[in-house]
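Working through the structure, step by step
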Amino acid sequence: MSCCGLLTAQKEPVPLKSVEVELEVRDHVATVVSTLTYENKEDKPIEAVFVFPLPGDAAVCHFSATIGQTQIVAEVKEKQEAREDYDDALSSGQQAFLLEESEQSPDIFSLSVGSLPPGESASIRLEYVTELAVQADDGLRFCLPAVLNPRYQPQGSDGASVQVTSVPASLVPYSLSFSARVSSPRPVSKVESNCSLDPLQYLNTEQTQATVKLASGHKFDRDIEVLIYYKDAHQPTAVVEAGQASAKPGSLMGDPVVMLSLYPEFPEAVMSSVASCGEFVLLLDRSGSMDCGTGDSDEPETRISSARDTLLLLLKSLPMGCYFNIYSFGSNYEHIFPKSVEYNEKTMEEALKKVEKMDANLGGTEILEPLKHIYSQPCIPSQPRQLFVFTDGEVGNTKEVISLVKKNSGSHRCFSFGIGEGASSALINGLAKEGGGHAQFITGTDRMQPKVMQSLRFALQPAVEDVSVTWDLPEGVSATVLSPPITTLFQGQRSLVYAQLTGQSSEAAEGGVTVKYSLAGHPSQSQLHFSLRPTEDTGLTVHRLAARLLIRSLEMEESDDEGEQDRGVKQKVVELSVQSGVSSAFTAFIAVKKGDGGAIQGPLMRRDVPTPSYGLVAQCCYMSADTQAFSCSLDSLDEDYQLDYGSPPSDEAEVLYSYEGGLVKGQMAYSNEDFSPEVALPEQPRRDPLLQLVSLQKASGCWMLDPALAAALGKTSEEVENTKPSAVNQEVWATILALIWLHGFKKDAQEEWELLAMKAVSWLRAQNATCVAECVEAGNAVLGCEVQRDALGL
């Protein structure tokens, strides 16, 4: 058969021609409309199957298909029933469309376009709503996942893995256009992205409305991340949304729903104090995919090397007197100490020596077993457990992992870090949400260190306790809270509360809510008053987000011993999903075009639409931990090299890698246990001067006066030793020099070294050192800086 037009890696025509995405952001809620255009250029009818990622917390609420002049709007049905309807339609020659969520991970969807006759086009419209997460710098983050990396299926796991057809980003055979419209009660100060955007266009003089578009020529080599900044971002807000006129009063969709955004502000005096206790458990992904580059920067840095640097900063910033341990995992897991140890110079140095040797050489991504082991360890009295998880998030058993974290949420806080393009948002956000912590994503040219250090600051903040929410509503109106109880609050972070309002009151009525909590023993509260009159033009966005929240909570409810969802819970999810029109793990969207003419003739050809994948090895097929057969294709200069091994190759095979735009010859080493490619990459550049200086700091916070310190400061030993004021000891002088260098030369990276500098200042204060002013003056002279003594915190 001769093919024309776009082809997959298997040389089959690709029926998907274009994806158009329109984003509408209102304050901190996004509505996303994607239009996918399919065209069958073959001479026989086809079925096109497209597996693609969506944000893990998205509420998919509309799915329709337009064929010619006919639009068919899909309805939500129980998943098995929807699949049967789809199969029945195809077998009787009708056209049908099916959209379903993966049962293993809520951020993967499969779209089947059935019976597209020769020469015909179909346009699919998919709509979802999602909340935007607040970043450390107060930006609101929207991410359109364009990259779907293969998910690792753990050993012995049942449940079919989602089959993904993926190709290198440069070979994606369809186009993408993306535009965004932003509106808010507060002015939009800027919109940034990791992709090229056309300039921001304001639509009014107050600058409260703006539009922006993705510049043409998007390469599909990364997720599209958009950061939106408002002036006065920390204003608490309330949106009351009227119920659906056609829905039954008293039901979720029939009653008004209120969404509250709360921004508690904590007293400065409390926030400047840093806890000196805690058990810090660091869990690092060392699977083969961590050997991929961190993004599109010129430095050939891998995810694992960036993680090693980050662990150095973390370990140097921990407070004396706390406890810590480091676990790493792949197909199996390792720990540095049998159980958490007290943090001191000896244990810190032992840990750092082992961290330096850590590579991405542990095979698959089995995160569940190390988590079970961590939770089986008894907690240490008066040392609150803080878990930091670093992973590129390519796991297949997302729901099982999150469920385990939720079960143990009473004994720890979990801070998660998604590394690289295509990290599962469902996994990273789910870990932090259920673990009462905070999630961060490190993509493109982002540096991992500042984001991780911000989470460490959150972990060292005094824990907020005894959080309660009380409502003040007019007589006859009551609120049923739909959100799980608030258990954690962080400075500068938003908490969302959804509630269903029942009853009637006069038009002008006002409601209020008070959040009370205790912070480091200080009782505090914040209040918000709001009008009960429904906001205009929100559609049913708030209701759908609330329904999504309830569906997720129900799905997470206890499974019984066999892992089978309780029938009653499943029934509730299906009812809520059908009633609200929001997708769930147990339902699917189905649309069937009832035939007005003859049935479509001929056997149906299945066509899998490829998604972009990211990484050194541009395409990997699904590889189960216990299978020996796999295939991969290597992306290089727009050519497709197919390697297909029925069994593991010889110990070493020389292969070509496309790396930072050029080809690298590397050795691919294999063993039966470990299928991660080890590639001989270009030599690493000399260590960053900041990390060089940080690596010399002692656990107590001080530095030693020695040749290594002089070299890190860019001076000779004589220059730093001969300028020391005579009355001061060597460690005090060395520590003051290090602090001056940090403030003088690395001010732009202050969030990375701030905590370890605070530790150094505490150490200096404890020495009761005299002539500090003289040391600062002499230090400025030798280093060529002009740092003021009070800027150092002395």
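Residues numbered from 1 in each chain as written. Predicted model: local features only at pLDDT ≥ 70, side-chain atom pairs only at ≥ 80, totals over all residues. Heavy atoms only, no water.

1. A few points about the overall build of the protein chain
Within the protein chain one finds 16 helices and 39 strands. Per-residue burial for the protein chain yields a buried fraction of 55% across its 794 residues. The long-range fraction of contacts in the protein chain, counting pairs at least 24 apart against all pairs at least 6 apart in sequence, stands at 72%. On the protein chain, roughly 33000 Å² of surface is accessible, and the fraction owed to carbon and sulfur atoms is 48%. (Helix = DSSP H or I, 4+ residues; strand = E, 2+ residues; numbered from the N terminus. Buried < 20%, exposed > 50% of the residue type's maximum accessible area, 1.4 Å probe, protein only. Contact = heavy atoms within 4.5 Å. Areas by Shrake-Rupley, 256 points an atom, 1.4 Å probe, with all protein chains shown as cover.)

2. Some details on helix H15 (residues 750-766)
Look at H15: 23 Å from first C-alpha to last across 17 residues, which is about the 24 Å you get at 1.5 Å a residue. Residue Leu756 marks the point of greatest curvature in H15, where the axis turns by about 30 degrees. Note on H15: the residue one or two positions beyond its end, Asn768, has a positive phi of about 45 degrees. (Expected span 1.5 Å × (residues − 1). Bend = angle between axes of the 7 residues up to and from the residue.)

3. Considering the packing of aromatic side chains
Counted according to the given criterion, the structure contains 10 aromatic pairs. Ring geometry for Phe324 and Tyr343: centres 5.8 Å apart, planes at 80 degrees, overall edge-to-face. Within this pair, whereas Phe324 is found in strand E21 (residues 323-329), its partner Tyr343 is found in the loop between strand E23 (341-342) and helix H4 (345-356), the two being separated by 19 residues in sequence. Pairwise contacts between aromatic rings join Phe388, Phe390, Phe415 and Phe417 into one cluster. (Phe/Tyr/Trp six-rings, centres within 6.5 Å; stacked < 30°, edge-to-face > 60°.)

4. Remarks on the pairing of strand E11 (residues 140-144)
Counted residue by residue, E11 has 5 buried out of 5 residues, so it is predominantly covered. Of the two faces of E11, the one holding Leu140, Phe142 and Leu144 and the one holding Arg141 and Cys143 are both buried throughout. In this structure, strand E10 (residues 133-134) lies alongside E11, joined through 2 bridges in antiparallel fashion. Within E11, the position partnered with Val134 by the bridge is Leu140. (Pairing = 2+ DSSP bridges.)

5. Quick look at the nonpolar core
As a rule of thumb, nonpolar side chains are buried together in soluble globular proteins. Core analysis: the biggest nonpolar cluster contains 80 residues, and Phe280, Phe324, Phe388, Phe390, Leu456, Leu693 and Trp703 have the highest contact counts within it. Looking at which element gives the most residues to this core, the answer is helix H14 (residues 730-745), with 10 residues. The residues contacting Phe280, other than those within four sequence positions of it, are Leu318, Pro319, Cys322, Tyr323, Phe324, Asn325, Gln386, Phe388, Leu456, Ala459 and Leu460. Ranked by size, the runner-up nonpolar core spans 55 residues in total, among them Phe109, Leu111, Val113 and Val134. (Core = buried A, V, L, I, M, F, W, Y, C linked by side-chain atoms within 4.5 Å.)

6. Observations regarding empty space enclosed by the protein
Taking a probe equal in size to a water molecule and rolling it over the atoms shows the remaining empty space. Under the criterion given, the structure shown has 3 cavities of 30 Å³ or more. In this structure, the second largest cavity occupies an estimated 90 Å³ of space. Considering the residues around the second largest cavity, the lining is formed by 14 residues, among which Leu140, Arg186, Tyr230, Ala233 and Tyr263 are closest to the centre. At 3 residues, strand E17 (residues 224-230) tops the list of elements feeding residues into the lining of the second largest cavity. The residue makeup of the lining of the second largest cavity, split by class, is 7 nonpolar, 4 polar and 3 charged. (1 Å grid on protein atoms, 1.4 Å probe; cavity = no way out; pocket = protein on both sides within 12 Å on 5 of 7 lines; lining within 4 Å. Points joined across faces, edges and corners; volume = space filled by probe spheres on them. Nonpolar A, V, L, I, M, F, W, Y, C, P; charged D, E, K, R; others polar.)

7. Quick word on the sheet that holds E10
The 4 strands lie next to each other as E10-E11-E17-E14, forming an open sheet whose pairing is antiparallel. Looking at strand neighbours, the two that pair on one side only are E10 and strand E14 (188-193), the edges of this open sheet.

8. Section: the packing of helix H6 (residues 398-407) against helix H9 (residues 541-556)
The N-to-C vectors of H6 and H9 enclose an angle of 85 degrees; their axes lie 10 Å apart at closest approach. Classed by the angle they form, the pair H6 and H9 counts as roughly perpendicular. For the pair H6 and H9, the contacting residues are Lys399, Ile402, Ser403 and Lys406 in the first and Ser553, Glu555 and Met556 in the second. Its residues placed into classes, the contact of H6 with H9 shows 2 nonpolar, 2 polar and 3 charged. (Axes fitted to C-alpha atoms, helices over the stretch in contact; angles between N-to-C directions. Parallel < 35°, antiparallel > 145°, perpendicular 65-115°, else oblique.)

9. Quick look at a negative patch on the surface
A cluster of like negative charges, contributed by Asp137, Asp138, Glu265 and Glu751, occupies part of the molecular surface. Mapped onto the elements, Asp138 comes out in the loop between E10 and E11. Of the residues examined, Asp138 reaches a relative accessible area of 30% and is grouped as partly exposed. (Patch = residues over 30% accessible without salt bridge, like charges linked within 9 Å, V, L, I, M, F, W, Y side chains within 5 Å. Salt bridge = Lys/Arg side-chain N within 4 Å of Asp/Glu carboxyl O. Lys, Arg positive; Asp, Glu negative; His and termini not counted. Charge placed at Lys NZ, Arg CZ, Asp CG, Glu CD.)

10. Some thoughts on the sheet that holds strand E27 (residues 464-472)
Read from one edge of the open sheet, 3 strands run E27-E30-E31, paired in antiparallel fashion. A single partner strand is all that each edge strand has here, and the edge strands are E27 and strand E31 (522-531). Along the sheet, successive strands turn relative to each other by an average axial angle of 15 degrees, direction set aside. Judged from the 10 bridges that link them, strand E30 (residues 510-519) and E31 form a sheet pairing that is antiparallel. Looking at the pairing, Val513 lines up with Leu528 of E31.

11. Describing the pattern of salt bridges
Considering all chains together, one arrives at 23 salt bridges under this definition. Linking Lys190 and Glu192 is a salt bridge whose minimum nitrogen-to-oxygen distance equals 3.2 Å. Given a relative accessible area of 34%, Glu192 falls into the partly exposed group. Taking the shortest distance from any N to any O, the salt bridge between Glu555 and Arg552 comes out at 2.1 Å. Pair noted here: Glu555 and Arg552 are both in helix H9, with a separation of 3 residues, about one helical turn.

12. Structural notes on unusual backbone geometry
Unusually for a residue other than glycine, Gln207 sits at a positive phi of about 60 degrees. Relative to the helices and strands, Gln207 is located in the loop between strand E15 (201-202) and strand E16 (209-213). Phi at Asn768 is positive, roughly 45 degrees, even though this residue is not glycine. Positionally, Asn768 belongs in the loop between H15 and helix H16 (772-783).

13. Quick notes on the environment of Ser102
With respect to the helices, strands and loops of the structure, Ser102 is situated in the loop between strand E7 (95-101) and strand E8 (108-116). Given a relative accessible area of 9%, Ser102 falls into the buried group. Separated by 3.2 Å, the side chain of Ser102 and the backbone nitrogen of Ser105 make a polar contact. (Polar contact = N/O pair within 3.5 Å; in protein donor to acceptor, adjacent residues only side chain to side chain.)

14. Focus: the packing of H9 against helix H10 (residues 567-580)
In contact at an axis separation of 9 Å, H9 and H10 are set at 165 degrees when each is read in the N-to-C sense. By the criterion of interaxial angle, the relationship of H9 to H10 is roughly antiparallel. In the crossing of H9 with H10, the sense of the turn from one axis to the other is left-handed. On H10, the residues that touch Arg544, Ala547, Leu550, Ile551, Leu554 and Glu555 of H9 are Val569, Lys572, Val573, Leu576, Ser577 and Ser580. Considered class by class, the residues forming the contact of H9 with H10 number 7 nonpolar, 2 polar and 3 charged. (Left-handed = near helix turned anticlockwise from the far one by under 90°.)

15. Some remarks on the environment of Ser276
Take Ser276: it is sitting in the loop between helix H2 (268-271) and strand E20 (279-285). Along the sequence, Ser276 and Gly321 sit 45 residues apart, while their C-alpha atoms lie 6.5 Å from each other. The contact partners of Ser276, leaving out residues within four places of it in the chain, are Pro319, Met320, Gly321 and Cys322.

16. Section: the state of the cysteines
What the rule picks out here adds up to 0 disulfides. With no disulfide of its own, Cys322 lies 8.7 Å from the sulfur of Cys277, the closest cysteine sulfur. A relative accessible area of 0% places Cys322 in the buried class. (Disulfide = S-S within 2.5 Å.)

17. Overview of helix H7 (residues 425-434)
Of all 10 residues that make up H7, 7 are buried, and the element is covered over most of its length. The complete set of buried residues in H7 reads Ser425, Ala426, Leu427, Ile428, Gly430, Leu431 and Ala432. Residues of H7 that are buried sit in contact with strand E24 (385-391), H6, strand E25 (412-419) and strand E26 (439-442). Positive backbone phi, at 65 degrees, marks Gly436, one or two positions downstream of H7.

18. Here's the deal with the confidence of the model for the protein chain
Caution applies to low-pLDDT parts of the model: their predicted coordinates are not meant to be read in detail. In this model, the protein chain carries a mean pLDDT of 81, and residues with pLDDT of at least 70 account for 81%. Note on residues 1-9: pLDDT is under 50 here. Beyond four places in sequence and across chains, it has 22 contacts. Below a pLDDT of 50 lies the segment residues 615-684, which in the model reaches 144 contacts outside its immediate sequence neighbourhood of four places, other chains included. (pLDDT = per-residue confidence, 0-100.)

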